[in-house]
Structure formats: structure tokens, C-alpha cells
Amino acid sequence: MKPKVLLLTPPMTQLNTPYPATAYLTGFLRKQGYPVAQRDLAIELLLEILSKQGLERIYRIVEDNFAAVDDEELPDSIYHFFTHFPLYQQRVESCIRFLQGKDPSLALRIASRHFLPEGPQFESLYQMEDLSGDVLDHAFGDLGLQDKAKYLATLFINDLVGVMKDGVDPLFEVSRYGERLASSNPSFDDLYRQLKGTKSHTRELIEQLLAGYIEEEQPHVIGITVPFPGNMLGALQIASACRRIDSQLKIVLGGGFVNTELRSLKDPRLFEFVDYVTMDDGERPLLTLLEYLQSQRSVDDLTRTYRLRDGQVYYHHENQQLPDFLHDQTGTPCYEGLPLDRYLSLCEMLNPMHRIWSDGRWNKLTVAHGCYWKKCSFCDISLDYIGRYQEAGAAVIVDRIEQLIAETGQSGFHFVDEAAPPKVLFALAEQLLEREIVITWWGNIRFEKTFTAEKCRLLAESGCIAVSGGLEVASDRLLKLMKKGVSVEQVARVTRHFADAGILVHAYLMYGFPSQTEAETVESLELVRQLMANGCFQSAYWHRFAATVHSPVGLHPEQYRIQLIPNENVQFAENEVAYIDPVGADHDLLGRGLKKALYNYMHGMGFDYPVSFWFDKSVADPAIAPDFIATALTL
């Protein structure tokens, strides 16, 4: 008999749509004939907290924790929660139903600004209103009632999450949980102490939910995906509870964080909680492991799998006799078992492009495995999920789209590629139009010159509403050093083609790349200002550069004139590595100014200010013509 598998997503991940890992594996394993169930503890946990009963429990905990604290010394979130608790408790479930799309008429009351108690998270509204008048009227007008209410309801939810973090569990956040305990931490000590310490309220709720899942599904194998560092603590709390509930359960760990940061795993204490840790794409190692557990294979057949052998961590390397499944062989994701009608459609930012990540229910699909470019020097191109490129073909992807629409009833799609290949996107768009399939889609791309005005109109006609892509640094010298394969002028023209076709554009930006000077950073901001002022892209985010051990910068630092400070005695996680850059620019100071400027640009403000306005000290004037981008767009 084939073992039954229960696949779990631990807290915390995005709340508007399921993280796709378990859906991918559920579809694949069912295709192989295995009984599989899946659950998402991230959304289930938050909904348990944000209920009348959940808030009652939080109130009692917070009251005990702050019993000896005077009112004037209480954190703002706690003081406001105590003061308005009856209102919070009375209206939280109505607010949740509204964000789930189940009670749209409530928008009228929420938008009135008299229905929800407005705590610390609402302060940003008043700050923006000081600069631009009524910011909500400016953003939504008189007709954008649902969106206005959704934004206010999101602030209300954030206030309650702040109460949870400030008064109940300091490790709790809405999209991560205990992230600092896991991220690039060479030692397992911090996580181990947390797991062996006093149970938190969060952990108790996780264990209650898990016990219900196990009783309902009666699994033999528990598979836990860990996509981000902010999922590792929750994953191990799940694993620890599984050990107590049923010692015969086999527990398997995998996912993006594992694949990236646990490649040098040596600490055997992790295996007090799990039995196996799989690396890279999960289909082949998980299938082989299940066959081994059925005694259909030898333990030596395991591939890309850590386990404990004679008290030591042992790694089964790639099994050349059992290659990975091709991208067109993995099957269609399956969402059965995930509460698709319970996810929250949030509006975390007024910017229309930026909000897409948290708003709407998106079916997740991958157009191609890996990255067709795989040259960028800051990227982990040595790892399988980027370095092994495979296409499934447009016809296969459109078939999967049809299957997912039939299963979920949803026609929104997010293509979660590292960079979707243009030729496949164009073929996909043509197939969608030929087969008269109506969808709404967005995804990540490179700003290739093949995205002409004509091709962008084709993508828009097929349902494309938005793209995101890496500009990184608005400096041709640094773009060449990064091996990005684009120029600032090319990015300007391509992004404008998208914008002219009615497609929103988000740009990933980077600062602090090796050898980047203060002047180059300020000039990058000036070019970003011009690009946004000219409507080339509408949203962006500044990332601080980090040297990672799997990237060309981390593998060959001498080529970038930096000196790495190696991590010593890595027993657990390793990703970022410190380094010395002889240029010595103050990137911490510059970063604050970059983010402040960008926040205003995304709200349509501050374009007329000189870039020096955003920094706390005088900076050199950018050596760039004020109409550089406007000129480039006319060429």
C-alpha cells in the first residue's frame, strides 16, 4: 500500500493566495498514484488569531504580560487595543469576511472612517495627508469604494498583528515568523533553544491546528515546505508536534530556504525533529523516498537527501540513475485541500502595481524551469533552480491554465519564473488568443529588447496586466559589471513599451554593489526619478546588495575587488557572507534616503525635489542631464 502524504505550508507566507509548493507536489504525486492531502497553516493560523475567540485569548495574555505596566508606558498598539477592545472584538470577523470577498456591502461602512478603530498603523495616512491633502480621496476618488475600504481594513488587520507582536509573541509578523533565528545563521543554537523553551501562544495554536489535520487525514508521511527563513521556526514547531502526536510519522523538510541555505548542513540536532531533508526540486527526491519507505528501493537509491546515519548527518548526492523530471512531466498543480475562499485580499499600499503581491487570488504557474539568462553576478546561478533551464512549451502551459481554471474557478495567474522567456510568453499569448481563453496574468521578466511595442500590445491583449523585472542599478558601468545584459536606455524604452500598452511595471533596484560609489548611488536615484516621472514604471523596491555563497560574487570575489569575511564553523544555514569593499561608501545612510524617495515617488509625490533632499547629509549633485530619460525615449 502506498503511504498517504500530508503536505504542509508553515506560517507565515502571503495571505491572499496559497504558496504554490504543496500544490505543485500534490499534483505530481497524485499523478504517480499516491494519496496526498495538503493544508496551509499560514492562513489558518491567522484566521484563528483574528476571530472573536482568538482576540479574547490575546486580550487575556496581553493583560497578564502588561499587568505591572502603567498606561502611559504601554506600547501604542497595546494601549489602543485595550482602549478599543470591545470594538475590535465585535468587528474583526466582519472585517475578515469583507477581505475574503464575502461581504462587499460592508465597504460603505468601512470607508466612512467611523466603523473600524484606527490605531498606530493609520498614522501613515495622516502623515501623507499633511503632504498632499486627503490622500485616500486622491488615490481612490469617489468611485473606488471597495479599494478604499480594503486599504483601511488592511490597516486594521496590521494593527492587530502589531498587538500580537508587541504583546504576545515578539517573533510574529504577518509574512514571516522568527525569521532572524534562521536566516544565514551558521548555528542551530537559536532555533534549538526556541524549540526546547516555553511554548508560545503561536506554537500552541499551530499544534492545535496540526492535531486536527492529522486526525482528519491519518497520514504516514508529513512533508513540510520551507520557502523562506520566516517559515523555518513554524516548520520545526510542526515537526516537533508531529513527533509527539505519532512517533511513527516520517517527516520530510524541503523548499526554497532549505535549497539555498542548508547546503552545508552538519548539525544532527535538526534530526530530532525531522527524518529527511531534500534539496532542490522536490519531485524526484520525494518520490524516491516514498518508494524507499515502501521497500521498493534501497536506502542507497535516495537522491539529494540528508538523513542521520550512525549519529552523523549524511548526504545522498545526486543519483545519476534517477534524473529529475522534465518541466513538461511534472503535471498541473492541484489546489484541493487549500481553503481558496478563506484567503484575504489585502491592499497594503496605495500604489496600484505594488499592491498586486497582496491583493487578489492568483493561481501560480512556472512558464519555464530556471533562468534562460543565468549570467547575473549577484544571482545564485550555481544552484539548480536557476542554473537548469527547461521549457515546457506554450501548449503545455495553456493546457495547465485551463485545468486550473476548471479546478479553482479563478482566472488570475501569477507566473513565478526567475525570468519568463520572451519567446515562450509570446507563444503563450498567441495560444490564449487563438483558444479564446480569458485570463488575467502577470510575471517576472528581464527587460529584453525583444519586448517591442508590438509584442507588449500582444501580451496585454492576452491578459497581461503587470510585469516585474530587474533594473538593479541605473548605471551602465555597474550593469556591465553585473553581466546584466541591459543598458539604462534599453530599460527605459522597454518599460515604456509596457506602460504604453497599459501594463504596469515594477522595477527591482539594488544599492551597495561592490565598487559602487556614493556618486553612482545618487545618480541611480536621479535616473529612477526620471524613469518614474516619465511613466516608464510605476513601482519599485530598493534591495541592499548581499554577497551570497552561491553567486559569482561569492564564488569569485577577487573579480569584484572585494574581500570576503568567511563564515566560520557553519553547522546549519549559510547564504549571505560579509565582505570588505575598499570603496567604503556609507550604504546604510544612502539606503535610508533611497527608500524615503522611492516611497514618495510611488505615491506620485516628490518628483520636483532635487535628489539631495532625501539624504541626511549633503551629497554630490548627479552628473546626469535632467532630461536624460526623456531624450532616450525619443531615440
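Keep in mind that what you see is a predicted model, and the values were worked out from it rather than measured. Sequence order as written defines the numbering, with residues in each chain counted from 1. Selection of residues for local features in this predicted model requires a pLDDT of at least 70, selection of side-chain atom pairs for listing and counting requires 80 or more, and totals for whole chains, interfaces and linings are taken over all residues. Neither water nor hydrogens contribute to the side-chain values; these are computed over all heavy atoms in the structure.

Q: Got a minute to help me understand the overall build of the protein chain in this structure?
A: Secondary structure assignment for the protein chain yields 25 helices and 17 strands. The reference for a compact globule is 2.2 Å times residues^0.38; the radius of gyration itself is calculated from the C-alpha atoms. Over its C-alpha trace the protein chain gives a radius of gyration of 25 Å, about what one expects of a compact globule, namely 26 Å for 635 residues. The principal-axis extent of the C-alpha atoms belonging to the protein chain is close to 70 × 60 × 55 Å. Buried means the residue's accessible area, taken with a 1.4 Å probe over protein chains only, is under 20% of the maximum for its type, while exposed means over 50%, and partly exposed covers the values in between. Within the protein chain, the proportion of its 635 residues that are buried is 58%. The contact criterion used throughout is that any non-hydrogen atoms of two residues lie within 4.5 Å. Counting only contacts in the protein chain whose residues sit at least 6 apart along the sequence, the fraction spanning at least 24 positions is 78%. Across the protein chain, the 60 positively charged side chains and the 85 negatively charged ones have centroids separated by 5 Å. A run of H or I in DSSP counts as a helix once it spans at least four residues, and a run of E counts as a strand once it spans at least two, with each numbered from the N terminus. Here Asp and Glu are counted as negative and Lys and Arg as positive; His is not counted, and neither are the chain ends. Charge positions are represented by NZ for Lys, CZ for Arg, CG for Asp and CD for Glu.

Q: How do you make sense of the packing of aromatic side chains when you look at a structure like this?
A: Between two aromatic rings, the relevant description is the distance of the centres plus the angle of the planes. Here a Phe, Tyr or Trp ring, Trp counted by its six-membered ring, pairs with any other such ring whose centre lies within 6.5 Å, and the pair is stacked when the planes are under 30 degrees apart, edge-to-face when over 60, and tilted otherwise. Taken as a whole and judged by the stated rule, the model has 30 aromatic pairs. Aromatic side chains F188 and F273 sit 6.4 Å apart centroid to centroid with 65° between the ring planes, which places their arrangement in the edge-to-face category. Here the residue F188 occupies a position in the loop between helix 10 (179–182) and helix 11 (189–196), and F273 occupies one in the loop between helix 14 (256–261) and strand 5 (276–278), the gap between them amounting to 85 residues. Each member of the pair, F188 together with F273, is buried. Measuring from centroid to centroid gives 5.9 Å for F545 and Y579, while their planes differ by 70°, and the two rings are edge-to-face. With a gap of 34 residues between them, F545 in the loop between strand 15 (539–544) and helix 23 (552–555) and Y579 in strand 17 (residues 578–580) connect regions that are remote in the sequence. Ring pairing ties together the aromatic residues Y59, F81, F82, F85, Y88 and F156, which thus form one cluster.

Q: Which parts of the structure should I look at to understand the sheet that holds strand 2 (residues 36–40)?
A: Backbone-to-backbone hydrogen bonds join strands into a sheet, with any given pair of strands oriented parallel or antiparallel. Only strands that DSSP links by at least two bridges are regarded as paired with each other. The sheet built from 7 strands is open, its strands ordered 2-1-3-4-5-6-7 with mixed pairing. The open sheet has two free edges, formed respectively by strand 2 and strand 7 (312–316), since each of these has just one partner strand. Pairs of neighbouring strands in the sheet enclose a mean axial angle of 25°, with direction left out of account. With 2 bridges connecting them, strand 4 (residues 250–254) and strand 5 associate as parallel partners. Its bridge partner lying in strand 5, L253 is registered against V277. Orientation is described by lines fitted to C-alpha atoms, with helices fitted over the stretch in contact, and by angles between N-to-C directions that extend from 0 to 180 degrees. With respect to the sheet, helix 2 (residues 41–49) is in contact with strand 1 (5–9) and strand 2, its orientation differing from that of strand 2 by roughly 45°. Running over the sheet, helix 15 (residues 283–293) touches strand 1, strand 3 (221–225), strand 4, strand 5 and strand 6 (305–309) and is turned about 150° from strand 5.

Q: Help me understand the environment of D190 in this model?
A: In this structure, D190 sits in helix 11. For D190, a relative accessible area of 29% corresponds to the partly exposed category. Separated by 335 residues in the primary sequence, D190 and L525 have C-alpha atoms spaced 38 Å apart. For D190, the contacting residues outside a window of four places in its chain are L181 and N185. Reaching out from D190, the side chain makes a polar contact with the side chain of R193 at a distance of 2.6 Å. Nitrogen and oxygen atoms within 3.5 Å of one another constitute a polar contact, given that in protein one can donate a hydrogen and the other can accept it, and given that sequence-neighbouring residues count only through two side-chain atoms.

Q: I would appreciate a short explanation of the pairing of strand 15 in the present structure.
A: Regular strands place their side chains on alternate faces of the sheet. In the sheet, strand 14 (residues 504–511) pairs with strand 15 via 6 bridges, with the strands oriented parallel. Note that in strand 15 the partner of Y508 across the bridge is Y541. By convention, a crossover is right-handed whenever its connection, traced from the first strand over the helix to the second and viewed with the strands pointing away, goes clockwise. Assessed by its sense of winding, the connection that carries the chain from strand 14 through helix 22 (residues 518–533) to strand 15 is right-handed.

Q: Please clarify how a negative patch on the surface should be interpreted in this entry.
A: The grouping of D70, D71, E72 and E73 at the surface amounts to a negative patch. Of note, D71 is situated in the loop between helix 3 (52–65) and helix 4 (76–83). The patches described consist of residues with a relative accessible area above 30% and no salt bridge, like charges being joined within 9 Å and nonpolar side chains (Val, Leu, Ile, Met, Phe, Trp, Tyr) within 5 Å. Calculation of accessible area relied on Shrake-Rupley with a 1.4 Å probe; when residues are assessed, cover is drawn exclusively from the protein chains displayed. For this analysis, a salt bridge means a side-chain nitrogen from Lys or Arg found within 4 Å of a carboxyl oxygen belonging to Asp or Glu.

Q: Would you mind going over unusual backbone geometry with me for this structure?
A: A cis amide bond, omega -5°, links P11 with the succeeding residue M12. At R304, a residue that is not glycine, the phi angle is positive and equals roughly 50°. Structurally, R304 is set in the loop between helix 15 and strand 6. On the accessibility criterion, R304 (2% relative accessible area) is buried. In the Ramachandran plot, E436 falls in the positive-phi region, its phi being about 55° despite a non-glycine side chain. Mapped onto the secondary structure, E436 falls in the loop between helix 18 (422–434) and strand 12 (440–445).

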